[in-house]
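Now for the letters of each chain:
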Amino acid sequence: MTQDIQSLRTQIANEVKSASNLKALDDVRVSVLGKKGRITALMKTLGAMSQEERQTKGRDINILKDEIADLIKHQENALKKQEMDARLSSETLDITLSPRQDYMGHIHPISQTIEELTVIFAAMGFHVAEGPDIEDDYHNFTALNFPPGHPAREMQDTFFLPETQDEEGEYAKKLLRTHTSSVQIRHMENNKPPHKIICFGRTYRSDYDLTHTPMFHQMEALMIDEKTNMGHLKGCIMDFVRAFFEIEDLPVRFRPSFFPFVEPGAEIDIGCSRKDGGLKIGAGDDWLEIGGSGMVHPNVLKNCGLDPEKYQGFAFGMGIERMAMLKYGIPDLRTFFESDLRWLRHYGFNPLERPNSASGVKS
Ligand code: PHE
């Protein structure tokens, strides 16, 4: 290697080493390898040389170029690490700092209840499914085996949206789903059996009094395979309500009832006692209705492309506000949606103590 290349290397290596930040290093890089850089200029001198000279010089310059590129990369990594170390030692995050109780937000009882239910059903192997609040008549009613003219389709219950044209040019009224059973249909349409899902969501009915609000929340469970029977339905619901209310011997009763999308259908009651105007959940002399259930109707399975000769299973649904009111002794449904901070501070839950499968649903 010739003298001039040797000394150029020492000079550049010194410049690279003394670059004290990324900007300075980049300036050195440009001055060496850039369009008008020193090595670039050297390369350009090759053209005027004899072939023999060009061969040795060319090789030397290329070696120099690679060496310098390596040095620059090395220095760049060192500078980046230095910058990161400086940031890490100057920035602090005190994760031991506890939030001030008076500023701390609270988890709404609906969110809390949904989290508790999720923990219980996840442990039983259910997946969480979702569907849209704005539904069409097909998913909310027709596919669920509601006969034409069924009273539930009529104006007093269902919120219809203004008529719009669909992709095929048909005029139809969308609606706000009146129950989460529509999610059963959407899930079966879009997934292959077996099905084992739980859904939580808003539902809407045109009703308003002490025990009804136009928007409320429902939970829906669906389990379909080749063998699921009414015994599984009963066992699943009993396990879940006992886990939810944390009462091991909570009596559960199934009362025959009608829903178009199940056959047979049953209403679910849990044991309670009412003394001196107070309601207590648990073994007692009275019953309290908490939801609907049944074996999924063959027509519903057919509507979703399943062969009812091969597949069968159960579904159940219930109101989430009602479950929360019963578990946490909240007397008035309407207060759930009044956004009163005093109510939320009283009935809300600690955001740092979330239900989980290790600690149980207790908060
Ligand atoms: N969708 C019913 C309701 O809103 C509840 C239900 C769900 C009943 C699933 C049976 C099976 O009242």
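Higher on the page you've got the structure.
Description of the structure in this document. Because the structure is a prediction, the values reported are computed rather than measured.

## A word on the pattern of salt bridges
Reasoning step 1: One pass over the full model with this rule turns up 23 salt bridges.
Reasoning step 2: Here Asp-85 ties to Lys-81 by a salt bridge, and the two come within 3.0 Å at their closest N and O atoms. Here Asp-85 and its partner Lys-81 are both found in helix α4 (residues 51-90), four residues apart, which amounts to about one turn of the helix.
Reasoning step 3: Residue Asp-85 is classed as partly exposed on the basis of its relative accessible area of 38%.
Reasoning step 4: In this structure, Glu-267 engages Arg-255 in a salt bridge whose closest nitrogen and oxygen atoms are separated by 3.2 Å.

## Observations concerning helix α10 (residues 320-328)
Reasoning step 1: Judged by how many residues are buried, α10 sits mostly within the fold: seven of nine residues are covered.
Reasoning step 2: Every buried residue of α10 is accounted for by Ile-320, Glu-321, Met-323, Ala-324, Met-325, Leu-326 and Lys-327.
Reasoning step 3: Gly-329 sits one or two residues past α10 and shows a positive phi near 60°.

## Section: the environment of Met-325
Reasoning step 1: Mapped onto the elements of the fold, Met-325 is located in helix α10.
Reasoning step 2: For the pair Met-325 and Glu-338, spaced 13 residues apart in sequence, the C-alpha separation works out to 15 Å.
Reasoning step 3: When sequence neighbours within four positions are dropped, the list of residues in contact with Met-325 reads Ile-330, Pro-331, Asp-332, Leu-333 and Phe-336.

## Some thoughts on the side chain of Thr-178
Reasoning step 1: Mapped onto the elements of the fold, Thr-178 is located in the loop between β4 (171-176) and α7 (181-190).
Reasoning step 2: Thr-178 sits in the buried class, given a relative accessible area of 6%.
Reasoning step 3: Within the local environment of Thr-178, its side chain forms a polar contact with the side chain of Asn-140, the two groups lying 2.9 Å apart.
Reasoning step 4: Contact partners of Thr-178, with chain neighbours within four places excluded, come to Asn-140, Phe-141, Thr-158, Thr-203, Tyr-204, Arg-205, Phe-216 and Gln-218.

## What to know about the environment of Glu-67
Reasoning step 1: With respect to the helices, strands and loops of the structure, Glu-67 is situated in helix α4.
Reasoning step 2: Exposure remark for Glu-67: the relative accessible area of 29% places this residue in the partly exposed category.
Reasoning step 3: Spatially, the C-alpha atoms of Glu-67 and Arg-9 are 8.7 Å apart, while their sequence positions differ by 58 residues.
Reasoning step 4: For Glu-67, the side chain forms a polar contact with the side chain of Arg-9, separated by 2.8 Å.

## Quick word on the packing of helix α2 (residues 22-33) against helix α3 (residues 38-45)
Reasoning step 1: It is at 3 Å that the axes of α2 and α3 come closest, and there the two elements cross at 5°. Between α2 and α3, the crossing angle belongs to the class labelled roughly parallel. Each of Ser-31, Val-32 and Leu-33 in α2 lies in contact with α3, whose residues at this interface are Arg-38, Ile-39 and Thr-40.
Reasoning step 2: The class makeup of the residues in the contact of α2 with α3 is three nonpolar, two polar and one charged.

Parameters and conventions
- Within every chain, residues take consecutive numbers counted from 1 along the sequence as written.
- Per-residue local features of the predicted model are confined to residues with pLDDT of at least 70, and side-chain atom pairs are confined, for both listing and counting, to 80 or more; whole-chain, interface and lining totals are unaffected and use all residues.
- Computation of side-chain values: all heavy atoms of the structure, hydrogens and water removed.
- Within this document, salt bridges are pairs made up of a side-chain nitrogen of Lys or Arg and a carboxyl oxygen of Asp or Glu, the two lying within 4 Å of each other.
- Helix and strand assignments come from DSSP, with helices taken as H or I runs of at least 4 residues and strands as E runs of at least 2, each series counted from the N terminus.
- Exposed residues in this analysis have more than 50% of their type's maximum accessible area, buried residues have under 20%, and partly exposed residues fall in between, with area computed by a 1.4 Å probe over protein chains only.
- A contact between two residues is defined here by any heavy atoms of the two lying within 4.5 Å.
- Any pair of nitrogen or oxygen atoms within 3.5 Å is treated as a polar contact; in protein, a donor-acceptor pairing is required on top of that, and neighbouring residues in sequence qualify only through side-chain atoms on both sides.
- As a rule, the C-alpha atoms of each element are fitted with a line to give its axis, helices using only the stretch in contact, and angles between N-to-C directions run from 0 to 180 degrees.
- When an angle is under 35 degrees it counts as roughly parallel; over 145 it counts as roughly antiparallel; between 65 and 115 it counts as roughly perpendicular; any other value is oblique.
- Residue classes follow a fixed rule: Ala, Val, Leu, Ile, Met, Phe, Trp, Tyr, Cys and Pro count as nonpolar, while Asp, Glu, Lys and Arg count as charged, and any other residue, Gly among them, counts as polar.

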